[in-house]
2 protein chains.
Amino acid sequence: MEGYRTFLSLLACSLLLGFLGVLFALVWVFHWREGLSWDGGLAEFNWHPVLMVAGFIFIQGIAITVYRLPWTWNCSKLLMKFIHAGLHCIALILVVVSVVAVFDFHNAKNIPNMYSLHSWVGLTLVILYAMQILFGFLVYLLPFAPVSLRTSLMPLHTFSGIFIFGAVIATALMGFTEKLIFALKNPSYSTSPPEAIFVNTLGILILLFGGFVLWMVTRPQWKRPQELISKFQPSTGATPDCTEEVSTATACSNDDKSDVEFNSEAAARRRKLDEAGQRSTM
Amino acid sequence: MEGYRTFLSLLACSLLLGFLGVLFALVWVFHWREGLSWDGGLAEFNWHPVLMVAGFIFIQGIAITVYRLPWTWNCSKLLMKFIHAGLHCIALILVVVSVVAVFDFHNAKNIPNMYSLHSWVGLTLVILYAMQILFGFLVYLLPFAPVSLRTSLMPLHTFSGIFIFGAVIATALMGFTEKLIFALKNPSYSTSPPEAIFVNTLGILILLFGGFVLWMVTRPQWKRPQELISKFQPSTGATPDCTEEVSTATACSNDDKSDVEFNSEAAARRRKLDEAGQRSTM
């Protein structure tokens, strides 16, 4: 892998930033706010920032990055798809609980729902995220979609995933702004009390986390090498499971089209794979 | 150009969204707020959202997209660089005036500066944007940087440009949230008065504008074909000016490395260009 150490350094930085983001969210609600509970009060609201930072930002960020980890390249694509989809599903569950918490809190306190730009964008993103996961499941996990469809839809899948991730971070920053203005009264937000500095820093951490993740997942040289077998058996999309053939596969080009030209070595691999037989892995 | 009509449709949509964004910002400050003036009052503050939407979002978005316009591909790269850099410079001027307006307003009203997450991120982005323009000028407009340096720094240049653009949109959404909470008191933001709905819609327009621009500038098939001449004369980076050679140049691969292999037709073009002589265009 080209620039392996750089990748590892960036990965370590992004994980540290994401972990710090979750830690900061927890410290915020426990040290300055009412902690966490499920009683219709402010402590129930607090699940909202904590679970959003943990699920919609940190776990979603890891789910997006997971294909880029070079030590997973010799594992089957199916396994990686399950990890990718599984992490997104865990994130979605946390997001839904987080949304329920804030609606429950609003209803208990007779605060209107869905009036702010934060809520408009946020709920739209939750719906889009659920649709994105469903779309990914139907097209890339179930064995029915032909390879041509998967290939043609991949740019949309990756772009919408990255766009949702970026927009979620923007929405979180709006949410911090709202909460700090509403919650900090004496002293007010404008006097920069320690809580304001702390939560502003949380916002910066999350923004940097997003930047690191987006850099890593948009570098062509760190893209998971494309399985040769997907070229050979377009009707089934079968992939070998943790074979050397995959780990040494020719790196695909930067776009998502199947424009890799195979050489004689690839043809030899094809024959080898054909002979060995592959199990269908969707 | 592959998908020319799709590109045109997306471009039209993005221009419409950006134009509507600027229009909405103007309607907001003139219909619901105090209009525009330079008196240290709220009408001076209003320059801030108007100029930020017009400069930091709309014009920056166009500046990012400008290389993708297929009817400019037969013009010299230098001309396009000047247009790209010129638009960014216009945007920066509007941004600086916009920042001066808000500091001036705060100082006149004894409101603290730089306490909010919006201001922290926003001012950082203004500084990064100025540095990005300076960096682009030094490396890509002045004739001193070798092609190898330009090539190796291009991924950083494009990523940081796109990241700044996305983060600016996030910052604008924070700004709208702040302003609506502070300004709407009777009726309050939570009762969803027409102004709140209107400005929330402005936020959605801007987010969509960002999405369209980011989609267009990240599609490999819509990338400006790389000038052949940059391969032939790496020491000068000379480009022909509005010649057919450029307009029909081989499209480069999706990454920013010089990995295009030239065929005999390209070699013939090289000879033709060599014979014609090229003026240095940095």
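Everything numeric here is computed off the predicted structure, so don't read it as measured data.

About the criteria used
- Throughout, a residue's number is its position along its own chain's written sequence, starting from 1.
- Naming scheme: in the order in which they are written, chains are lettered from A and ligands are numbered from 1.
- At least 70 in pLDDT is required for a residue's local features to be given in this predicted model, at least 80 for side-chain atom pairs to be given and counted, and no such filter applies to totals for whole chains, interfaces and linings, which use all residues.
- With hydrogens and water excluded, all non-hydrogen atoms of the structure serve as input to the side-chain values.
- Secondary structure follows DSSP: runs of H or I at least 4 residues long count as helices, runs of E at least 2 residues long count as strands, and numbering of each begins at the N terminus.
- We call a residue buried when its accessible area falls under 20% of the maximum for its residue type, exposed when it is over 50%, and partly exposed in between, using a 1.4 Å probe and counting protein chains only.
- Any two residues having at least one pair of non-hydrogen atoms within 4.5 Å are treated as being in contact.
- Note: buried area is the sum, over both parts, of the accessible area (probe 1.4 Å) each one loses when the two are combined.
- Salt bridge, as applied in this entry: a Lys or Arg side-chain nitrogen positioned within 4 Å of an Asp or Glu carboxyl oxygen.
- Here a polar contact is recorded for every N or O atom pair within 3.5 Å, except that within protein the pair must consist of a potential hydrogen donor and a potential acceptor, and residues adjacent in sequence are included only if both atoms are side-chain atoms.
- Under the convention adopted here, Pro, Cys and the residues Ala, Val, Leu, Ile, Met, Phe, Trp and Tyr are nonpolar, Asp, Glu, Lys and Arg are charged, and Gly plus all remaining residues are polar.
- A least-squares fit on C-alpha atoms brings the copies together, and the residues used are those whose pLDDT is at least 70 in both copies.
- Within this scheme, the nonpolar core is defined by two criteria: the residues are buried Ala, Val, Leu, Ile, Met, Phe, Trp, Tyr or Cys, and they are joined through side-chain atoms within 4.5 Å.
- A helix is expected to reach a length of 1.5 Å times the quantity of its residues less one.
- Each pair of aromatic rings taken from Phe, Tyr and Trp, with Trp reduced to its six-membered ring, is defined by centres within 6.5 Å and is described as stacked if the planes are under 30 degrees apart, edge-to-face if over 60, and tilted in the remaining cases.
- Think of it as a cone above the ring: NZ of Lys or CZ of Arg counts as a charge over the ring if it is within 6 Å of the ring centre and within 35 degrees of the ring normal.
- Surface patches are defined over residues having more than 30% relative accessible area and no salt bridge, joining like charges when they lie within 9 Å and nonpolar side chains (Val, Leu, Ile, Met, Phe, Trp, Tyr) when within 5 Å.
- Using a 1.4 Å probe, the Shrake-Rupley method yields the accessible areas, and only the shown protein chains count as cover for residues.
- As a per-residue measure, pLDDT tells how confident the predictor is, with possible values from 0 to 100.

Trainee: Quick question: what am I supposed to make of the overall build of chain A here?
Mentor: Along its length, chain A carries ten helices and zero strands. Helices and strands appear in chain A in the N-to-C order α-α-α-α-α-α-α-α-α-α. Counting every position in chain A, which comprises 282 residues, the buried fraction comes to 52%. Taking as baseline every contact in chain A between residues at least 6 positions apart, the subset at least 24 positions apart corresponds to 75%.

Trainee: How should I be thinking about the interface of chain A and chain B in this particular structure?
Mentor: Interfaces are often sized by the accessible area lost when the parts come together. Contacts between the two partners involve 37 residues from chain A, matched on the other side by 38 residues from chain B. Note on chain A versus chain B: buried area summed over both sides is about 3,400 Å², and carbon and sulfur give 76% of it. For chain A, the biggest contributors to the area lost against chain B are Y115(A), L117(A) and F159(A); these three give 18% of the whole. The tally of links from chain A across to chain B stands at zero salt bridges. For the pair chain A and chain B, the interface holds six residue pairs in polar contact (both at pLDDT 80 or more). Going through the elements one at a time, α5 (117–141), α6 (147–183) and α7 (194–217) of chain A are the ones with two or more residues in the side of chain A that touches chain B. In terms of residue count, the dominant contributor to the side of chain A that touches chain B is α6(A) (twelve residues). Residue classes in the side of chain A that touches chain B are distributed as 22 nonpolar, ten polar and five charged.

Trainee: What am I meant to see in the relation of the copies chain A and chain B here?
Mentor: Each copy of the chain is related to the other by a rotation around an axis and a translation along that axis. Note on the identical chains: chain A maps onto chain B by a rotation of 180° and an axial translation of 0.0 Å, with an RMSD of 0.0 Å. These values place the two chain copies in the arrangement generated by a two-fold rotation axis. Comparing interface residues between copies, 100% of those in chain A also sit at the interface in chain B, which points to an isologous, same-surface contact.

Trainee: When you look at the pattern of salt bridges in this model, what are you seeing that I'm missing?
Mentor: Close approach of charged atoms allows side chains with opposite charge to pair. The full count for this structure, using the stated rule, is four salt bridges over all chains. Residue E195(B) is joined to R33(B) by a salt bridge in which the shortest nitrogen-to-oxygen separation is 2.8 Å. Taken together, the positions of E195(B) in helix α7 (residues 194–217) and R33(B) in the loop between α1 (4–32) and α2 (42–45) put the pair 162 residues apart, joining distant regions of the chain. A residue is classified by how much of its surface remains accessible, and E195(B), at 5% relative accessible area, is buried. Here the salt bridges do not stand alone but share partners, grouping R33(A), E34(A) and E195(A) into one network.

Trainee: Looking at this structure, how should I read the environment of G41(B)?
Mentor: Residues and elements named next belong to chain B. As for its placement among the helices and strands, G41 is situated in the loop between α1 and α2. With relative accessibility at 10%, the residue G41 sits in the buried group. The spacing of G41 and K109 is 68 residues in sequence and 7.7 Å in space, taken between C-alpha atoms.

Trainee: Before we go on, may I ask you to explain the nonpolar core in this structure?
Mentor: The tendency in soluble globular proteins is for nonpolar side chains to be buried as a group. Counting 126 residues, the largest nonpolar core has F56(A), F176(A), Y189(A), F56(B), F176(B) and Y189(B) as the members making the most contacts within it. Apart from residues lying up to four places away in sequence, F56(A) is in contact with L51(A), V95(A), L125(A), V126(A), Y129(A), F165(A) and V168(A).

Trainee: Is there a simple way to think about α1(B) in this case?
Mentor: Three- or four-residue spacings in an α-helix give side chains the same orientation, since the helix completes a turn every 3.6 residues. With 29 residues, α1(B) extends 41 Å from end C-alpha to end C-alpha; this agrees with the ideal 42 Å at 1.5 Å per step. Here α1(B) has its buried residues at F7(B), L10(B), L11(B), S14(B), L17(B), G18(B), G21(B), V22(B), F24(B), A25(B), W28(B) and V29(B).

Trainee: Can you walk me through the packing of aromatic side chains in this structure?
Mentor: Geometry of an aromatic ring pair is reported as the spacing of the ring centres plus the angle between the planes. Residue and element names in this part refer to chain A. By the definition in use, this model includes 24 aromatic pairs over all chains. Through a chain of ring-to-ring contacts, the aromatic side chains of F24, W32 and F198 assemble into a single cluster. Taking NZ or CZ as reference, K77 lies 5.7 Å from the ring centre of Y67, over its face.

Trainee: Please clarify how unusual backbone geometry should be interpreted in this entry.
Mentor: With the exception of glycine, the majority of residues adopt a negative phi angle, and the majority of peptide bonds are in the trans configuration. With omega at 5°, the peptide bond leading from N186(A) into P187(A) counts as cis. With respect to the helices, strands and loops of the structure, P187(A) is situated in the loop between α6 and α7. Located in the positive-phi region is N110(B), a residue other than glycine, with phi close to 55°. Non-glycine residue M114(B) carries a positive phi angle of around 55°. Among the structural elements, M114(B) can be located in the loop between α4 (77–108) and α5 (117–141). Relative accessible area serves as the criterion here: at 31%, M114(B) is assigned to the partly exposed category.

Trainee: I keep staring at a nonpolar patch on the surface and nothing clicks. Help me out?
Mentor: A contiguous nonpolar patch, built from W38(A), I93(A), V96(A), V97(A) and V100(A) and spanning about 430 Å² of accessible area, is present on the exposed surface. Position of V96(A) relative to the elements: it lies in helix α4 (residues 77–108).

Trainee: Mind showing me how you'd approach the confidence of the model for chain A here?
Mentor: Residue and element names in this part refer to chain A. Of the residues in chain A, 80% have a pLDDT of 70 or more, and the chain-wide mean is 85. Residue range residues 228–282 is modelled with pLDDT below 50. Its contacts to residues more than four positions away, or to other chains, number 96 contacts. Confidence estimates for the predicted assembly give a pTM of 0.84 and an ipTM of 0.84.

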